[in-house]
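# Descriptive analysis of the structure
Next come the chains, spelled out residue by residue.
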Amino acid sequence: MTLVRRMLMLLVMSLSLVAMPASLFADDADDAAREKISQEGEAAAAASANIKPTAQMIIDKVTKASGLLTEKGQDAFASFKGKDSEFIFAGTYIWIHDMEGVMLMHPIKYKMEGKRLIGLKDKKGKLFFAEMNKIAREKGQGWVSYLWPKPGETESSLKVSFVKLCKMKDGTEVVIGCGVYDMAEEEVVKLTGE
């Protein structure tokens, strides 16, 4: 190997080492920004938790979100996140997953995004994402009850969520969901039939 060729190889290697940390910093900066928006969303949910969401309030927000996704597709995702989102309300929020159970948008737990959750079970063994997709596919919309931690908590509580099938601007079918905790048992039975 000639001296010039060796020097070129060393130069290329050193340039790639210099470039690598920059991409790592970009990922760190992106994670920090996503974490900040998630924390803002969680704080907004907590700040609005003194308002008790009604079933109709949740249906209305999901319906409005569906219209936005039909019109704008994934470009609408930012509307569902952060402290100023109208879709973080009354202690709850909108999330979006696809028909394979992959979380596409979650305003509080961004690390769930991109994860396939169709096999996720609650503490009682209920495949609740599979159930949500089944209801969305067969009925277009409906209610599902399951156990899930409240924002900021680690222990599971009863959550009742309204889910709706939506075809986004690009034709992709997704499920939009929004849930409520601490619902009276008789209302849970009325909404879910369980």
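Structure: see above.
Computed from a predicted structure; not experimentally measured. (Residues numbered from 1 in each chain as written. Predicted model: local features only at pLDDT ≥ 70, side-chain atom pairs only at ≥ 80, totals over all residues. Heavy atoms only, no water.)

Quick look at the overall build of the chain now. Scanning the chain for helices and strands turns up four helices and six strands. Ordered by position in the sequence, the α and β elements of the chain form the string α-α-β-β-β-α-β-β-β-α. Put simply, the chain has 194 residues, and 42% of those count as buried. Counted over contacts in the chain with a minimum sequence separation of 6, partners at least 24 positions apart contribute 53%. Surface accessibility of the chain: about 11000 Å² in total, with carbon and sulfur atoms responsible for 58%. (Helix = DSSP H or I, 4+ residues; strand = E, 2+ residues; numbered from the N terminus. Buried < 20%, exposed > 50% of the residue type's maximum accessible area, 1.4 Å probe, protein only. Contact = heavy atoms within 4.5 Å. Areas by Shrake-Rupley, 256 points an atom, 1.4 Å probe, with all protein chains shown as cover.)

This brings us to the layout of surface pockets. When its volume is computed, the largest pocket comes out at roughly 290 Å³. Listing elements by their share of the lining of the largest pocket, those giving two or more residues are α1 (3-47) and β6 (173-181). Split by residue class, the lining of the largest pocket holds nine nonpolar, four polar and four charged. (1 Å grid on protein atoms, 1.4 Å probe; cavity = no way out; pocket = protein on both sides within 12 Å on 5 of 7 lines; lining within 4 Å. Points joined across faces, edges and corners; volume = space filled by probe spheres on them. Nonpolar A, V, L, I, M, F, W, Y, C, P; charged D, E, K, R; others polar.)

Another point: the nonpolar core. One finds Ile58, Leu69, Phe80 and Ile94 to be the most contacted residues of the largest nonpolar core, which totals 26 residues. Contributions of two or more residues to this core are made by α2 (55-72), β2 (92-98), β5 (156-167) and β6. The element contributing the most residues to this core is α2, with six residues. Excluding anything up to four places from it in sequence, isoleucine 58 contacts Pro53, Phe89, Trp143, Phe162, Cys178, Gly179 and Val180. Counting residues in hydrophobic clusters, the runner-up holds 21 residues, among them Ala44, Ile88, Leu117 and Val144. (Core = buried A, V, L, I, M, F, W, Y, C linked by side-chain atoms within 4.5 Å.)

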